[in-house]
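In case you want the letters, here they are:
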Amino acid sequence: MNKHAANFFQATALDIPRRTSKERMRLRLGILLLAFDVVAIKIALMAIGGIFVGSTLLPPTAFAEATVIPIYFISAFLLRVYSGPVMLKGSTSISRVLLALLMTACVLGLILFSLNAGSQLSHLSGPILLGLTGALMAGIHFCHARYAHSALEGSLHSIVELRDGSASGAEGDNVGLDTRIFFDPANPTPDSFDRLASVIGNADRVIVHCGYDRRAVWAHVLQGMNVYAEFMVREWEDLRPLGISEHNGSRTLVVACGPLNFHDRMIKRGFDIAVSIAALIALFPLLLIVGLAIKLESPGPVFFVQPRIGRQNQLFSLIKFRSMRQDCCDAAGTLSTSRCDPRVTRVGNIIRRTSIDELPQLLNILMGDMSVVGPRPHAVSSTAEDQLFWDIDNRYWHRHACRPGMTGLAQIQGLRGATECVKDLSDRVEADLQYLRVWSFWGDIKIIAMTFKVLCHPNSY
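Now for a quick tour of the structure. (Residues numbered from 1 in each chain as written. Predicted model: local features only at pLDDT ≥ 70, side-chain atom pairs only at ≥ 80, totals over all residues. Heavy atoms only, no water.)

## Examining the overall build of the protein chain
When its secondary structure is counted, the protein chain shows 16 helices and 12 strands. Of all intrachain contacts in the protein chain linking residues separated by at least 6 positions in sequence, the fraction that spans at least 24 positions is 71%. When the accessible area of the protein chain is evaluated, it comes to approximately 23,100 Å², of which 62% is carbon and sulfur surface. (Helix = DSSP H or I, 4+ residues; strand = E, 2+ residues; numbered from the N terminus. Contact = heavy atoms within 4.5 Å. Areas by Shrake-Rupley, 256 points an atom, 1.4 Å probe, with all protein chains shown as cover.)

This is the structure:
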């Protein structure tokens, strides 16, 4: 490939629209349908209350809240009325909701019979209520299914298909985006990982078409990309698959998925936003004083901004208080800070030893680049014994399957400071991967609490 062609292909890759996940859309559609069902039940109850004026029927609102709505939603969730596959198909959605209504009527009838309250109600109120509610819900679910089909573009998941065209005879040779224009899984770099992350975006599924000899390197790459990834295969190979799926009638092998499901990610992100906002407000006077001290001691900006490797191995700009003289700042992170480093200013020495220089990363958390707890992000040129981190441990890219954190399991274990030897890096990678394997919300709380014990650490310099 000549130089002009390479430039053209790179520009084309960068112009590819970034795929977004449909998880939030599916959640919004489910909530919308649930709200419409509540409205339908309330309308039907009000109508029945208006028809049978003077009867002993309970007031519609109280009756709905106390009996019909709770019983219906228990039945609906048991029948998965609001699941994605059901919502997308009108006939299935209508049949499920009518079955849930029938179950509700049966349970309600048993309750009324056991309380001997049925004789106090009009014999026509029950069938009319059931028929009116069923008609309203059938219409709602029919319209909602058409809307959901349009909103989701006919599919529950956003899918990116990648074709490794370098493998001769790869199945699906004419399907998907040719990765030769932006990424080589056998020789990945931070820049090429950044381009791959831009192409994948927040897709729900990534399907790779490649030859047998390329699947191992693709599996290794995708296991650190925080995606649900699959190979298009017709035979079984020892690739440590997570499961089997299907696309367009062909079997696929699942080789990677994110460490946290949607529910866990929502909890973790909500916690990050709450903590970062509260901390920025509470620490604002300290941040102001530190910024003023940095500005008065040495010329240059208050903040030091450096490219770091983040979630999905994508680069982001990490923000710290500047602790070195402006002319000595190392944006690439080639030279780790040493003890008594002459580049560090007096104010910088204080804020580094107390970890105050890390506080501006609360802005990174608020912007979504980082999390409160997670693997610490590294500079792209970081080395140990003159070797790049990813050359030391081939699991290094896997630690980026979640957002990097201000603190993490490695930090509370004392694994912080300069990486002077290969073991320093290997131990941190092992701790980060352990964090991903056993993540829990209360585990994050424990790590945050233990972080206060290591704020002033001997390795902080």
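## Quick notes on the packing of aromatic side chains
If you walk through the whole model with that rule in mind, you get 14 aromatic pairs. Note on Phe271 and Phe441: the rings are 5.3 Å apart at their centroids and 90° apart in plane angle, and the pair reads as edge-to-face. Of this pair, Phe271 sits in helix H9 (residues 262-282) while Phe441 sits in helix H16 (residues 441-451), and the two are 170 residues apart along the sequence. Each residue in the set Phe183, Phe193, Trp218, Phe389, Trp390, Tyr396 and Trp397 is aromatic and connected to the rest through ring pairs, giving one cluster. (Phe/Tyr/Trp six-rings, centres within 6.5 Å; stacked < 30°, edge-to-face > 60°.)

## Concerning the pairing of strand E3 (residues 205-209)
With five of its five residues buried, E3 lies for the most part within the structure. Because side chains alternate across E3, one face comprises the buried residues Arg205, Ile207 and His209, and the other comprises Val206 and Val208, equally buried. As judged from the five bridges shared by strand E1 (residues 159-163) and E3, these two strands associate in the parallel manner. In the strand pairing of E3, Arg163 is matched with His209. Here E3 runs beside strand E4 (residues 229-232); their pairing, made up of three bridges, is parallel. Bridging from a neighbouring strand, Val208 pairs with Phe231 of E4. Following the chain from E3 across helix H8 (residues 215-222) to the adjacent parallel E4, one finds a crossover that is right-handed. (Buried < 20%, exposed > 50% of the residue type's maximum accessible area, 1.4 Å probe, protein only. Pairing = 2+ DSSP bridges. Right-handed = clockwise from strand over helix to strand, strands pointing away.)

## Let's talk about a nonpolar patch on the surface
Taken together, the side chains of Ile273, Ile277, Ile281 and Leu366 define a hydrophobic patch exposed on the protein surface, amounting to about 330 Å² of accessible area. A total of three residues in the nonpolar patch trace back to one element, the largest contributor, which is H9. Residue placement: Leu366 occurs in helix H12 (residues 361-367). (Patch = residues over 30% accessible without salt bridge, like charges linked within 9 Å, V, L, I, M, F, W, Y side chains within 5 Å. Salt bridge = Lys/Arg side-chain N within 4 Å of Asp/Glu carboxyl O.)

## A look at the pattern of salt bridges
In this structure the tally under the stated criterion is 17 salt bridges. Salt-bridge contacts for Glu23 lead to Arg265; the nearest nitrogen and oxygen are separated by 2.4 Å. Separated by 242 residues along the polypeptide, Glu23 in helix H2 (residues 23-51) and Arg265 in helix H9 bring together distant segments of the chain. Its relative accessible area of 19% is what places Glu23 among the buried residues.

## Focus on unusual backbone geometry
In the Ramachandran plot, Gln312 falls in the positive-phi region, its phi being about 60° despite a non-glycine side chain. Phi is positive for Asp386, close to 65°, though the residue is something other than glycine. With respect to the helices and strands, the residue Asp386 is situated in the loop between strand E10 (383-384) and strand E11 (387-388).

## Points about the sheet that holds strand E5 (residues 243-247)
Here six strands make up an open sheet; going across it, the order is E2-E1-E3-E4-E6-E5 and the pairing mixed. Edge strands, defined here as strands with exactly one partner in the open sheet, are strand E2 (177-178) and E5. Alignment of E5 against strand E6 (residues 250-256), held across five bridges, turns out to be antiparallel. What sits directly across from His247, in E6, is Ser250. The strands touched by helix H7 (residues 190-200) are E1, E2 and E3; relative to E1, the strand with the most contacts, the crossing angle is about 135°. Here H8 sits on the sheet and contacts E1, E3, E4 and E6; the angle it forms with E4, its principal contact strand, is near 165°. (Axes fitted to C-alpha atoms, helices over the stretch in contact; angles between N-to-C directions.)

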